Amino acid sequence: MARTPLIAGNWKMNKGPEESVAFLEALLSQELPEAPDVLVCPPYISLPASAMILTGSSVLLGAQSVHWEESGAFTGEIAASMLTELGVEWAIVGHSERRALFGESDASTSQRAAAAQAAGLVAVYCLGETLEQREQGQTMQVLEQQVSAARDLNPTRLVVAYEPVWAIGTGLNATPDQAQEAHAFLRQRLATLFSDEAAAKIRILYGGSLKPSNAHDLLRLSDVDGGLIGGASLDVQSFSDIIRAAADCAAGA
Ligand code: 13P
């Protein structure tokens, strides 16, 4: 099953509207390969300016979260319809920083993802174990529990991002063996939740200190279908180097 790789930049709380526009102009001026798909997820405040720059380009635009209600008294939150109104077609949900710092759970992550999908967005569903969980041998159990919360979602509008928490922003990436093991496990669980056919089509991204120097080793793995990139997505050169590495891997290089 050939899955088109996806290289996604999660800018986190970086780049206001001006900086976002400058970055995207520079990115669009690069000669980028046709595959992989490329997605950028700026902060909410930078989405309108980013949407304008990206109109007519092949670079996809996503938000970093989305609320499950349509409207109401939810200070600081954004509804899926507000995103689609801007032309945003993707939303990250359940990032480990949302889980660890803002109290989000498997239940709220699946609620956010369901609302995103109902509005026509693709949900980038994040999960991954902490260092303590890995050291205690609980990695697969944790992943099983997290991915199971996605059971009621629409698999055709779902991307899973495996982001081991200990690898995020630490410079310490999962080894290829660790990544392949986790991704293959997740795909097998997705097959149980949905079907073999659906699971074979779901893209599973790796995230956690993905950078040009390790991109090839990680992106060439059979169950790694791209990356969700934090730090290295903030720089046009390193982001486009990762995009090119994904293209090389897809071409079998
Ligand atoms: P880093 O690439 O900075 O480790 O962040 C990964 C991440 O959290 C992407 O969502």
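Quick note: structure is the one above.
What you see is a predicted model, and the numbers here were worked out from it, not measured in a lab. (Residues numbered from 1 in each chain as written. Predicted model: local features only at pLDDT ≥ 70, side-chain atom pairs only at ≥ 80, totals over all residues. Heavy atoms only, no water.)

Draft legend 1. Structural detail: the site of the ligand. The local shell around the ligand holds 13 residues, among which Lys12, His95, Gly169, Ser209 and Gly231 are the closest. His95 has a polar side-chain atom sitting 2.8 Å from an oxygen atom of the ligand. Gly230 has a polar backbone atom sitting 2.9 Å from an oxygen atom of the ligand. Look at the ligand: alone it shows 310 Å² of surface, and the protein chains cover 94% of it. Considered class by class, the residues forming the shell around the ligand number four nonpolar, seven polar and two charged. (Near = heavy atom within 4 Å. Polar contact = N/O pair within 3.5 Å; in protein donor to acceptor, adjacent residues only side chain to side chain. Areas by Shrake-Rupley, 256 points an atom, 1.4 Å probe, with all protein chains shown as cover. Nonpolar A, V, L, I, M, F, W, Y, C, P; charged D, E, K, R; others polar.)

Draft legend 2. Spatial organisation of helix α2 (residues 47-54). Listed in full, the buried residues belonging to α2 are Leu47, Ser50, Ala51 and Leu54. The buried residues of α2 all sit within an arc of 100° when viewed along its axis, so they share a single face. Turning to α2, the residues buried within the fold contact α1 (17-28), β2 (37-41), β3 (60-63) and α3 (80-85). The positive-phi residue at the C-terminal boundary of α2 is Gly56, with phi of around 85°. (Buried < 20%, exposed > 50% of the residue type's maximum accessible area, 1.4 Å probe, protein only. Helix = DSSP H or I, 4+ residues; strand = E, 2+ residues; numbered from the N terminus. Arc of directions from axis to C-beta. Contact = heavy atoms within 4.5 Å.)

Draft legend 3. Structural context of helix α5 (residues 106-118). Look at α5: 18 Å from first C-alpha to last across 13 residues, which is about the 18 Å you get at 1.5 Å a residue. Residues of α5 that are buried in the fold lie against α3, β4 (90-93), α4 (96-102), β5 (122-127), α7 (139-148) and β6 (158-162). (Expected span 1.5 Å × (residues − 1).)

Draft legend 4. Quick peek at the packing of aromatic side chains. Throughout the structure, instances matching the rule amount to three aromatic pairs. Ring geometry for Phe23 and Phe239: centres 6.3 Å apart, planes at 45°, overall tilted. Of the two residues, Phe23 is situated in helix α1 and Phe239 in helix α11 (residues 236-250); the sequence distance between them amounts to 216 residues. Of the two residues examined, Phe23 and Phe239, each falls in the buried class. Every member of this aromatic cluster is reached through a ring pair, and the members are Trp11, Phe23 and Phe239. In this structure, Lys15 is placed above the aromatic ring of Trp11, and the distance from its NZ or CZ to the ring centre is 5.7 Å. (Phe/Tyr/Trp six-rings, centres within 6.5 Å; stacked < 30°, edge-to-face > 60°. Lys NZ or Arg CZ within 6 Å of the ring centre and 35° of its normal.)

Draft legend 5. Region of the structure containing the pairing of β6. Among the five residues of β6, five are classified as buried, and the element is accordingly described as predominantly covered. Going residue by residue along β6, you find Leu158, Val160 and Tyr162 tucked away on one face and Val159 and Ala161 tucked away on the opposite face as well.

Draft legend 6. Main features of the environment of Asn14. As for its placement among the helices and strands, Asn14 is situated in the loop between β1 (6-10) and α1. Sequence separation between Asn14 and Ser46 is 32 residues; the distance between their C-alpha atoms is 9.7 Å. If we ignore the near neighbours within four places in the chain, the residues touching Asn14 are Pro43 and Leu234. Here the side chain of Asn14 touches Trp11 through a polar contact of 2.8 Å, landing on its backbone oxygen.

Draft legend 7. Representation of the pattern of salt bridges within the structure. In total, this model carries 15 salt bridges according to the counting rule given. When the shortest N-O distance is used, the salt bridge between Glu19 and Lys15 registers 3.8 Å. With a relative accessible area of 47%, Glu19 lands in the partly exposed category. The salt bridge involving Asp37 is made with Arg203; its shortest N-O contact spans 2.8 Å. Remark: Arg203 occurs in strand β7 (residues 203-206) and Asp37 occurs in strand β2; sequence separation between them is 166 residues. Overall, Arg203 belongs to the buried group, its relative accessible area being 15%. Salt bridges sharing common partners tie together Arg3, Arg187, Asp223 and Asp225. (Salt bridge = Lys/Arg side-chain N within 4 Å of Asp/Glu carboxyl O.)

Draft legend 8. Just the nonpolar core, in detail. Within the largest apolar cluster, 63 residues are counted, with the highest numbers of intra-cluster contacts made by Tyr125, Tyr206, Leu219 and Phe239. In terms of residues, this core owes the most to one element, α11, which gives seven residues. Ignoring sequence-local partners within four residues, the contact set of Leu219 consists of Ile7, Leu210, Val224, Gly226, Gly227, Ile242, Ala245, Ala246 and Cys249. One finds Cys41, Trp90, Val122 and Val159 within the second-largest nonpolar core, a separate group that totals 13 residues. (Core = buried A, V, L, I, M, F, W, Y, C linked by side-chain atoms within 4.5 Å.)

Draft legend 9. Inspection of the side chain of Glu163 at higher detail. Inspection of the secondary structure puts Glu163 in the loop between β6 and α8 (176-193). An unpaired buried charge is present at Glu163: no salt bridge exists, and Lys12, the closest side chain of opposite charge, is 6.0 Å distant. Here Glu163 is in contact with His95, Cys126, Leu127, Gly128, Ile168, Gly207, Gly208 and Leu228, once residues within four sequence places are set aside. (Lys, Arg positive; Asp, Glu negative; His and termini not counted.)

That's the geometry; what it means functionally is another story.
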